[in-house]
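# Understanding the architecture of this molecule
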Amino acid sequence: MEEEKYMRRCIQLAQNGLCNAAPNPMVGAVIVCGGKIIGEGYHIRCGEAHAEVNAIRSVKDSSLLKHSTIYVSLEPCSHYGKTPPCADLIIEKQIPRVVIGCQDPFAKVAGRGIQKLKDAGRKVVVGVLEGECRHLIKRFITFHQLHRPYITLKWAESADGFIDLCRKDGHPVILSTPLTSMLVHKKRAEHAAILVGTRTAELDNPSLNVRNWYGRSPLRLVLDRKRRLSPALHLFDGSVPTLIFTEHPLPSLPNIEYLPIDFQQDILPQIMLTLYERGIQSLLVEGGSALLQFFIDADLWDEAFVEVSPIRLVSGVKAPEMRDKNSYVNEQSFGRSIRHYTTTK
Ligand code: AOF
Ligand code: ZN
């Protein structure tokens, strides 16, 4: 119970790194001496100090470290990356006991940090709240084990179940409220890349950037097989790095890159490979319905974020439900989830 309490605090701290730690995992650490927390830290930003370093730095009286336990949600690293090995630091500071949430799936670490600590005579406990600690770094694990980003599908649907048909006189019907549009911008800030299909780019002319929330805009991705999209669209304004998947590439412009893919073949594996090669660990798919259905049919998604509006669009007509979406709930190791939230106007 005691161990779980401190590990839960590690997870809570780690979550502060959601927007800036990637492509590194979110990690939190807590140092406990005589039943009291004497230090805390988390991995704030990729390239900067790891959680253990920040936790150790936060301890006022470093002579207490010799009598402490360090709790960390992920195995301390054993390699020289952008920063030196945390396992070495723990050994150097003579912390006698280390409690770890889960092993690091990163090939350069993968158990070596645990071994290093054991070899140096430290008491090591592994697997406290292991499931929750793995869930915390689901994007990092998906990327390193499946060689693709963690995929979130996102759509808003009317009370009678329509999404892409929500157009009156060619204009989209706004289903979101000011509050839920803010949540969408929060989601964008939490993802490394965002993808839309040609029709959505054309009809909605989205900017796909982060405006109603604090944070970085994701890399924008758009499918434009025949290169029919107008360069006057917001997506081509060069304000945010943008990739266009097409059969007919043009030379790149500042922040705009054309990437040839073979539309005769399955395009999703080609897109996934590109994103993997570029180190993109999370992808938000914002529609339209054809593209979303494509991902569902390929069984290639991890989470869906669905806004259900109270607005009914068509009376007496059966809605074109996103096929099979409900049958996927909780099928995978991360508890693949669909979060429906119903809004009121
Ligand atoms: C830890 N604590 O807080 C994090 C770890 O390039 P570097 O030096 O930042 O190393 C990145 C790798 O270190 C990353 O891929 C993952 O395996 C591990 N992340 N390890 O001990 C941390 N963020
Ligand atoms: Zn480290």
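Reading the values: rules and limits
- For every chain, the first residue of the written sequence is number 1, and numbering continues from 1 onward in sequence order.
- Working convention: letters from A go to chains and numbers from 1 go to ligands, in the order in which they are written.
- Where totals are concerned, whole chains, interfaces and linings use all residues; where local detail is concerned, this predicted model gives features only for residues with pLDDT of at least 70, and gives and counts side-chain atom pairs only at 80 or more.
- Nearness here has a simple definition: the residue's C-beta atom, placed using the backbone, must lie within 6 Å of the molecule or strand.
- Under this grouping Gly is polar, as are all residues other than the nonpolar Ala, Val, Leu, Ile, Met, Phe, Trp, Tyr, Cys and Pro and the charged Asp, Glu, Lys and Arg.
- UniProt positions are given in the numbering used here, feature names are shortened, and annotations may be inferred rather than shown by experiment.
- A run of DSSP states H or I qualifies as a helix once it reaches four residues; a run of E qualifies as a strand once it reaches two. Both are numbered from the N-terminal end.
- Two residues form a contact once the distance between their C-beta atoms, set from the backbone, is within 7 Å.
- Each residue is classified by how many other C-beta atoms fall within 10 Å of its C-beta atom, where C-beta atoms are placed from the backbone; a count of 20 or more means buried, 12 or fewer means exposed, and values in between mean partly exposed.
- Two strands make a pair as long as DSSP finds a minimum of two bridges between them.
- Under the definition applied here, buried Ala, Val, Leu, Ile, Met, Phe, Trp, Tyr and Cys residues are grouped into a nonpolar core through C-beta atoms within 7 Å.
- These domain limits were set by an automatic method or by a database of domain assignments.
- Each axis is a line fitted through C-alpha atoms, taken for helices only over the stretch in contact, and angles between the N-to-C directions span 0 to 180 degrees.

Now for the site of ligand 1. Around ligand 1, the surrounding shell holds 17 residues, and the nearest of these are V27, H50, G81, K82 and F106. Looking at the shell around ligand 1 residue by residue, the class counts come to nine nonpolar, five polar and three charged.

Here the UniProt-annotated "domain: CMP/dCMP-type deaminase" (unreviewed entry) positions come out as residues 1-125. The span residues 1-125 is 28% helical and 22% strand by assignment, and the distance between its end C-alpha atoms comes to 14 Å.

Moving on: the UniProt feature "binding site: substrate" (unreviewed entry) in the chain. The UniProt record marks R188, L208, R211 and E286 with the feature "binding site: substrate" (unreviewed entry), using the residue numbering of this structure. Note on placement: L208 falls in the loop between α8 (198-204) and β10 (219-223). The contacts of L208, once residues within four sequence positions are left out, are I194, V196, R220 and L235. Within the element layout of this structure, E286 appears in the loop between β13 (282-285) and α10 (289-297). The class for E286 is buried, based on 24 C-beta atoms found within 10 Å.

Along any regular strand, the residues point their side chains to alternate faces of the sheet. Of all five residues that make up strand β11 (residues 242-246), five are buried, and the element is covered over most of its length. Residue alternation in β11 divides its side chains into two sets, T242, I244 and T246 and L243 and F245, and both sets are buried. In this sheet, β11 lies alongside β10 in parallel orientation, the contact comprising four bridges. Looking at the pairing, L221 lines up with L243 of β11. Strand direction decides the pairing type here: β11 and strand β12 (residues 256-260), joined by five bridges, are parallel. The residue bridging F245 from the neighbouring strand is L259, located in β12.

What follows deals with the nonpolar core. Formed by 78 residues in total, the largest nonpolar core has its most connected members in C10, A29, I70, Y71, V72 and A193. Formed jointly, this core draws a minimum of three residues from each of two domains, domain 1 (1-142) and domain 2 (147-342). Contact partners of Y71, with chain neighbours within four places excluded, come to Y6, M7, C10, A29, V30, V32 and V99.

Turning our attention to the sheet that holds strand β4 (residues 97-102). Spatial strand order, β2-β1-β3-β4-β5: five strands in an open sheet with mixed pairing. Both edges of this open sheet fall to β2 (36-42) and β5 (123-126), since each of them pairs with a single strand only. For this sheet, the mean angle separating the axes of adjacent strands, direction not counted, is 15°. As judged from the four bridges shared by strand β1 (residues 28-33) and strand β3 (residues 69-74), these two strands associate in the antiparallel manner. Bridge pairing in β3 links I31 to I70. Sitting on the sheet, helix α4 (residues 112-119) touches β4 and β5, and the angle it makes with β5 is about 150°.

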